[in-house]
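A structural walkthrough
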Amino acid sequence: MIDLSPLYIFGEVLFDHFPDGSRVLGGAPFNVAWHLQAFAAAPCFISRIGDDESGREITQRMTEWGMTTASVQLDAQHPTGRVQVTLADGEPHYEIVADSAYDFIDAQGMPVLAAPGILYHGSLALRNPHSSRALQTVKARHHGKVFVDVNLRSPWWTLKTVQSLLQAADWVKLNHEEFAALWPAPTVLETAMPDFVQAFALDGLIVTCGEKGALACDRQGQFVRVQPRQAVEVVDTVGAGDAFAAVWMLGLQRAWPMSLTLERAQAFASALVGRRGATVADIGFYHAFIRQWSL
């Protein structure tokens, strides 16, 4: 059996509330961890929930899905995270409630990282200094690669803060609008992405472009582009980038070639947009990918 690197996922977990009254488990890091668990990668998810009904539902759902809750802290003062999602022309817009439990992840409660692995984190949970300190504690204990999934959610980010995260990253993923916000040089992606990789001394960079697919490049100058193979009836695009990131993490863990990882990540993200919300509770949804990828 191959000895796979452990995957550590740090950040927010919350409920996305939709205009039709439905709600779906979400939060970019949680979505990534959820998908990785379905692919039998057994991620260690590090977060914080409120001592409330939503928090109890999260722990129940995680347990039912086979995820460990050992590194999910309980907060008696702050509520479980909540986001109000509105859809305009199929694109999601987010009203993110501040001072949620995941903003107060406690550095004293960080797990012992037993083996070198791959650490994933985003940028939203770091809007609060409590969670930012907790991440620094995790990074100090971590030996391995760092994957940063940029999520620019106004007003919860600054250029200086995000740049500091990029400087400590090995792999970075963002969408084309976020790339333009962080690297506003008036040039095409194929030209700008290698410069971005060199500027932040990255192993590689992935830029997603919605229905146009995605691009990736590494520090050796290898450049790959992929487009969706077939049209999918889009229910919503919430969590598509997180689905993409989860498969990219899987590819890093299993040392898949970059072109293969990009193709598989795009295929999985394309399938997810046909479902409501960012997480799918039906393991059958994953079976076709598990068989195809021989997981």
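This is a predicted model, so every value here is computed, not measured.

**Focus on the packing of aromatic side chains**
- Counted under the stated rule, the structure contains 21 aromatic pairs.
- Considering the side-chain rings of F30 and F45, the 5.5 Å spacing of their centres and the 70° angle between planes classify their relative orientation as edge-to-face. Here F30 is found in helix α1 (residues 28-38), whereas its partner F45 is found in strand β4 (residues 44-50), with 15 residues between them in sequence. Judged on exposure class, the residue F30 and its partner F45 are both buried.
- Ring geometry for F268 versus Y286: centroids 5.7 Å apart, planes at 35°, classification tilted.

**Here we look at the pattern of salt bridges**
- Counted according to the given criterion, the structure contains 9 salt bridges.
- Salt-bridge contacts for R48 lead to D75; the nearest nitrogen and oxygen are separated by 2.8 Å. A residue pair is termed long-range when its members are at least 10 positions apart, and R48 in strand β4 and D75 in strand β5 (residues 72-75) qualify at 27 residues. Each member of the pair, R48 together with D75, is buried.
- Between D149 and K173 there is a salt bridge whose closest N-O contact spans 2.9 Å. With D149 in strand β9 (residues 144-149) and K173 in strand β10 (residues 171-175), this pair connects stretches of sequence that are 24 residues apart.
- A residue is classified by how much of its surface remains accessible, and K173, at 5% relative accessible area, is buried.
- Sharing partners across several salt bridges, the network here consists of R23, E57 and R61.

**Description of the sheet that holds β9**
- Taken in spatial order, the 9 strands of this open sheet run β5-β4-β1-β8-β9-β10-β11-β12-β13, and their pairing is mixed. Of all strands in the sheet, those with a lone pairing partner are β5 and β13 (223-226), marking the two edges. On average, each strand axis in the sheet is inclined to that of its neighbour by 15°, with strand direction left out of account.
- Of the pairings in the sheet, the one linking strand β1 (residues 7-10) to strand β8 (residues 117-121) comprises 4 bridges and is parallel in character. Each residue of the ladder has a partner; that of I9, found in β8, is Y120.
- In this fold helix α7 (residues 240-254) packs onto β1, β8, β9, β10, β11 (204-208) and β12 (214-218), with an angle of close to 165° to the strand it touches most, β9.
- The sheet strands contacting helix α8 (residues 258-272) are β10, β11, β12 and β13, and the helix crosses β13 at an angle near 25°.

**Looking at the packing of α1 against helix α2 (residues 53-65)**
- One can describe the packing of α1 onto α2 by two numbers: an axis separation of 10 Å at closest approach and a directional angle of 25°. Taken as axis vectors, α1 and α2 run roughly parallel relative to one another. Residues F30, W34, Q37 and A38 of α1 lie in contact with α2, whose contacting residues are R61, M62 and W65.
- Class assignment of the residues belonging to the contact of α1 with α2 gives a composition of 5 nonpolar, 1 polar and 1 charged.

**Focus: the nonpolar core**
- Among the nonpolar cores identified, the biggest contains 51 residues, and L36, F39, F45, W248, L262, F268 and Y286 are the most heavily contacted of them.
- A total of 8 residues in this core trace back to one element, the largest contributor, which is α7.
- Excluding anything up to four places from it in sequence, F39 contacts V247, L250, R254, F268, Y286, F289, I290, W293 and L295.
- Counting 23 residues, the second-largest nonpolar core is a separate cluster that includes L174, L182, M193 and L202.

Calculation rules
- Residues numbered from 1 in each chain as written.
- Predicted model: local features only at pLDDT ≥ 70, side-chain atom pairs only at ≥ 80, totals over all residues.
- Heavy atoms only, no water.
- Phe/Tyr/Trp six-rings, centres within 6.5 Å; stacked < 30°, edge-to-face > 60°.
- Helix = DSSP H or I, 4+ residues; strand = E, 2+ residues; numbered from the N terminus.
- Buried < 20%, exposed > 50% of the residue type's maximum accessible area, 1.4 Å probe, protein only.
- Salt bridge = Lys/Arg side-chain N within 4 Å of Asp/Glu carboxyl O.
- Pairing = 2+ DSSP bridges.
- Axes fitted to C-alpha atoms, helices over the stretch in contact; angles between N-to-C directions.
- Contact = heavy atoms within 4.5 Å.
- Parallel < 35°, antiparallel > 145°, perpendicular 65-115°, else oblique.
- Nonpolar A, V, L, I, M, F, W, Y, C, P; charged D, E, K, R; others polar.
- Core = buried A, V, L, I, M, F, W, Y, C linked by side-chain atoms within 4.5 Å.

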